[in-house]
Structures are given as C-alpha cells and as structure tokens.
Amino acid sequence: MAFDACLGLTRLSAQCFFLCFLCFSLVFACSSPVSPLRLCRRLLSETNTTMDSESHSRCSEKINKASQLNDTFKMFDATFFDSAKLLEIEKGTTEFNVPIIKANRKLVASDNGGLHNPSCLVFNPQWGSEKVEGVNKRFNYPILSGIRKPKKDEDIAYMSVLELGELIKTKQITSQELVRIFLRRLKRYNPVLESVVTYTEELAYEQSKKADDLLAQGVYLGPLHGIPYGLKDIIAVPKYKTTWGSISFKDQVLDIEAWVYKRLKSAGAVLIAKLVSGSLAYDDIWFGGRTRNPWNIVEFSTGSSAGPAASTSAGMVPFAIGSETAGSITFPAARCGVTGLRPTFGTVGRTGVMSLSESLDKIGPFCRSAADCFIVLDAIRGKDPDDLSSRDIPLGDPFSVDLTKLTVGYLDDAEMEVVHVLASKGVKMVPFKLNYTVSSVQGILNFTMDVDMLAHFDEWQRSRQDDVYEAQDQWPLELRRARAIPAVDYVQAQRARGKLIREVKESFTVDAFIGNATDWEKVCLGNLVGIPVIVVPTGFTTISDPPPSGTQRRTTIPTGIYAPPDHDHIALALAMAYQSVTDHHKKRPPIDDLGPNDVIPDPPRKTIPPRRLHL
C-alpha cells in the first residue's frame, strides 16, 4: 500500500518524488505504520509547502533525524512510534522535558552521595499493620560470671563484646588499654589486609578516657561502654575523612555526625578506625588497593563492607559497622568467617551515610557472635528524624525465645549441620521452598539500585569523574546503562517488586528458614523485600589449590538464617542457639601461621570476580 501511494505522486516534480522515495525508505527501515505520503505532507507543511532547494534540504534533515531517533528508541524497546511521532517527541523533549530536568538538577543534584535532599518516596517492608509492643524496650543481657583477663593481648583481641564488657565493668582492664591493643593490631595487619582507611587515634583516646572517667564515677553505660570498634568509610564523622573508598572523594571531610555514630557514641563505644569501603560501595576494590580475606589472604574479601568484615575476622576490632544494598554485608561476612547481620530495612537510621538506593540501603554489624550482633543492633536501632525510611521497629528479646515453639524451614542448599543442631535444641525443622512467580528478581534489583545510585551521583557522571573510577567494569558501566532506563520502566520495576513482596509474604509460612547466604537470587530477593538475615560461619575446608608444602589457609562455609521483616530476634535466637553448641565462630584466621613457604603472592595468583549484577 505504501508503494502504491508513492506511485500516485508521479505528477509531482522530480524533487517531490525523490522526497517521497526518501520517506518510503525511512518508513520501511523503521517499520513504522505511517505512509510516506502522509509523512511528506507533514514535513512539507512545516516548510510552508514550498519545494525549493532549502526546504528540500530541511526536509531531508528531518527524515535523517527521525531515522536516528528510531535507532535510539530501540534501546528503550519503544519501536512502536512512527517517524512523525518521533519528531514530535524530539521537539517536545527539547522544549518541555529538558528545562525541567535542568531545573531539578540545579536544585538537588549538584552534591554527590545522596546526603542532601532525600527522596520523599519511602519504602516500608512491614507485612502487617498490627501494633507490636517493645519498640523502646531495652534488654537485660546475660551476666557472664568468672571472666578473667587473659595474659596475652591476642586472646583479649578475640574476646566477645560481652566478655570485654565484663572486663571493663569489673575494672580488670580499661578502655584506654583496649584501644592500645586494637590499634596495635590494626597497624600490624593492615599492610597485608588493606582494610583500614583512617586511624582515628586521637578521637579514640579521647573517647576511651571519657569512658574510663565515667566508670570511675560509677556511671556504666551498658555492654558497649569503652568497647573499641570501626566504621565503614561511607559513614561520616566530623574532622575525619569520609572517602567513600573512591579516588574522586579521597580527601573529602564531611562535617556531619552520622546517626549510627551518634548512637554508638551515646552507648559509650570508642571509634578507633574508618575501615575500607569498596569504591562508592561496590565490591572490595578501593583507591588504596583491594582488601584481603584473613582466612585465605590470596583471596579478596568481596562486598563493599570488606574492611569491617576483614578487620573483625582478624581480631583488629571487636566489632564493626557495615552496610548492605545488594550483598555488602552477606558476602564479606561469609567470605571472612564472621557473624554479620543485615537487619530489617529501616531498623537503623542512615543520616550521614553515603546513599546508593534509599529503598535498599541498610546498616548492620559484623561481630564475633550472634549475641554481639544483638547488642550492637539494640544500641543503633531507632527512628532517625532525618531518615524518612527509618522506623521505631519493635525488637524482641532473642534470649527469651522459646525455640520449641518455632517451625523453621530449610532449603535444598542449607547446611545440614545447622539443621541437625537446631533440631537437637527442640526446633521443629521442615523442608521448605520459597515460592514466587516473579522471574526478574535480579533485574528488578539492578534497575532499582542503578537508577537510584545514578540519581545520587548524577554530577559525578556528568562531570566525567567516572573516568578515573577504580574498576571501570563496575559502577561506570552500570551507571552509563542506567542513564538509558526510562522512568516508566523504573516504575514498572517497582510494581513488579510489590508483586514479589506480596508473593514472598504469602509463601513465608515458617518462622524462619535456613539457606545459602551468598546465592545471588536470595541476596537480591532479601534486599528487595527488606527481610533480615544473619550470616554465621558453620565450618571451614582446605583451600582448593594448596601449596605442596601445606597451608593453614581455609575456605569458610557460611549459612544464612532468614526471618520475616521485624523479626530479627528470631534469626538472632536461632543463630545464638547454634553457636551455643559449636565453636566455628570462635576460630581464628591463620594470618600469623600460614604454613611452610606459604607466602602472599603479589600480584595475587587468584582473583575473585566482582559480584554478578547483570543476571
């Protein structure tokens, strides 16, 4: 039909016929439903229907522009526009969209990191509207009697928070002594592990002296009183650098007291170091190197909370604070053999913390044990007035949970030792499968995280600072692709996310379930839904490629314990029950005793690929 229409123009001038032929070719190439005659008439009307060489040239330019636009719209899976509509879109975008985009950028996108002008769109993972008691409840922690100060500093370094707290409370050791012990360890092992960005030594001695003075006056602030710790370096502390792990921001000092830092300071904890974050919170590569796994220093830590995980594992801090958007607590906790808690979304305020995605970012602890994770979580939880997504979430007491009343599922990939141990403690263990029909879980995570991240680092990309990013196949590639995600499809991804949440809620028919902690589908699903998980070490195996002379290096075996939103205490109680009769969490990595002739290769023989974000 299009060809017949074009033949009907034979009475027109040769110029007009040629124009029609170009239109026909364009329409054919674009697979657009418009006829060349209609397009010719539209284009001629825009040139006042006068066919001279100048108007013919302008018309040809518009045809070429429509062809280019059609190619561009293929990136958005939007090839259903005919050529005339594409030209209308281009005109409307230029005249209407672009001025709005520029105005909004000027208002809110001049500062990177998402610390200012947070979104008014708030994600709430709650599964019910019922009012739960215990929002502001504080707990009576177990009293450890008979704890004595070890003679060796290394033995002190691997004590739990509860044990160290008892030493301080009974005045067997001072906070200032602990600071000296842990600062020495940080400086001793950091050259190998590359897990520290900044030592906050002056602040640490100031805070530890205050803790000791308060105790001398009879004031005891609780189990974190005088306990040293480290913060992931996306968390702001005034007067100290907050580098976000990136060369673009390596000299940045933010005059902000992050909410989580203020909470820990009020609990009496003592900050001794800012620990490595992967560059802009992506994996373990940062501007100073790449953080290693203390259990196998030929490998790397994986996950952007690499510094907190590695430092806790190596006894360089009693506990550390990390963050997770898509695996940055679960992956390094699993790799480094420590206990890590990703709490329910919204449990911990994020003011003063670099943002990737305001509906995915979570703050959580790395500790020696699940009991320590609970102590730290209790100190840092609560409604942050400047973080609209934070909530006063009720936290049950994991020490008082009746295990015999729990039904816990185990997935096909669960570690059966954990299943058997919990069964022996009276937990009803049943085979379980989480059913849902949403097939694009990993893609929804990518769309959500990447678009949100780009909104927070729009200026960074537009000013081409991404050209010096530490790993070009990570954020630079991700965020360039994100620039081409249409707003409508971002919203569709959030609708699909809502469907996923409803299906997971319906399928979650147990009190908790046990499964692989680092399976990427579970990592994406857990973060999208906002459910908590605690990662616990459940054993160690010999590395796959040991040197002929032998080695003490090991591969860790982790397990994840998942609970519904706002039921972190159930996951914690199960982890505590497991750790009460096992000692995997008490093992020490062999950073002082690798084995005969077992040295650290530089560069390393074996590299660990980044997280898979494109599945």
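Everything quoted here is computed from the prediction, not taken from an experiment.

When helices and strands are tallied, the protein shows 20 helices and 15 strands. Across the 615 residues of the protein, 57% fall into the buried class. For the protein, long-range pairs separated by at least 24 residues make up 76% of all intrachain contacts whose partners lie at least 6 apart in sequence. Of the roughly 26,300 Å² of accessible surface on the protein, a fraction of 53% belongs to carbon and sulfur atoms.

Bringing helix α17 (residues 475-482) into the picture now. When we look at burial in α17, the residues that qualify are Trp475, Pro476, Glu478, Leu479 and Ala482. For α17, the buried positions fall inside an angular range of 165 degrees around the axis, keeping them on one side. Tucked into the core, α17 has its buried residues touching α15 (441-456) and α16 (458-462).

Take the pairing of strand β7 (residues 296-300) next. Across the 5 residues of β7, 5 count as buried, placing the element largely inside the fold. In this structure, strand β6 (residues 292-293) lies alongside β7, joined through 2 bridges in antiparallel fashion. Its bridge partner lying in β7, Arg292 is registered against Phe300. Here β6 hands over to β7 after 2 residues, the two strands then running antiparallel side by side.

All right, on to the confidence of the model for the protein then. Summing up the model confidence of the protein, the mean pLDDT is 88 and the portion of residues at 70 or higher is 87%. With pLDDT under 50 throughout, residues 1-37 is counted as low confidence; its partners more than four residues away or in other chains account for 45 contacts. When the criterion is pLDDT under 50, residues 604-611 qualifies, and its contacts beyond four places in sequence or with other chains add up to 29 contacts.

Further remarks concern a nonpolar patch on the surface. A cluster of nonpolar side chains, namely Ile247, Phe287 and Val468, defines an oily patch on the protein surface of about 240 Å² accessible area. Inspection of the secondary structure assignment puts Phe287 in the loop between β4 (285-286) and β5 (289-290).

This part takes up the packing of α15 against α17. For the pair α15 and α17, interaxial distance at closest approach is 9 Å and the crossing angle is 95 degrees. Regarding the angle of α15 to α17, the classification is roughly perpendicular. Across from Asn446, Met449, Asp450, Val451, Met453 and Leu454 in α15, the residues of α17 making contact are Trp475, Glu478, Leu479, Arg481 and Ala482. When grouped by side-chain class, the residues that make up the contact of α15 with α17 number 7 nonpolar, 1 polar and 3 charged.

The rules we used
Residues numbered from 1 in each chain as written. Predicted model: local features only at pLDDT ≥ 70, side-chain atom pairs only at ≥ 80, totals over all residues. Heavy atoms only, no water. Helix = DSSP H or I, 4+ residues; strand = E, 2+ residues; numbered from the N terminus. Buried < 20%, exposed > 50% of the residue type's maximum accessible area, 1.4 Å probe, protein only. Contact = heavy atoms within 4.5 Å. Areas by Shrake-Rupley, 256 points an atom, 1.4 Å probe, with all protein chains shown as cover. Arc of directions from axis to C-beta. Pairing = 2+ DSSP bridges. pLDDT = per-residue confidence, 0-100. Patch = residues over 30% accessible without salt bridge, like charges linked within 9 Å, V, L, I, M, F, W, Y side chains within 5 Å. Salt bridge = Lys/Arg side-chain N within 4 Å of Asp/Glu carboxyl O. Axes fitted to C-alpha atoms, helices over the stretch in contact; angles between N-to-C directions. Parallel < 35°, antiparallel > 145°, perpendicular 65-115°, else oblique. Nonpolar A, V, L, I, M, F, W, Y, C, P; charged D, E, K, R; others polar.

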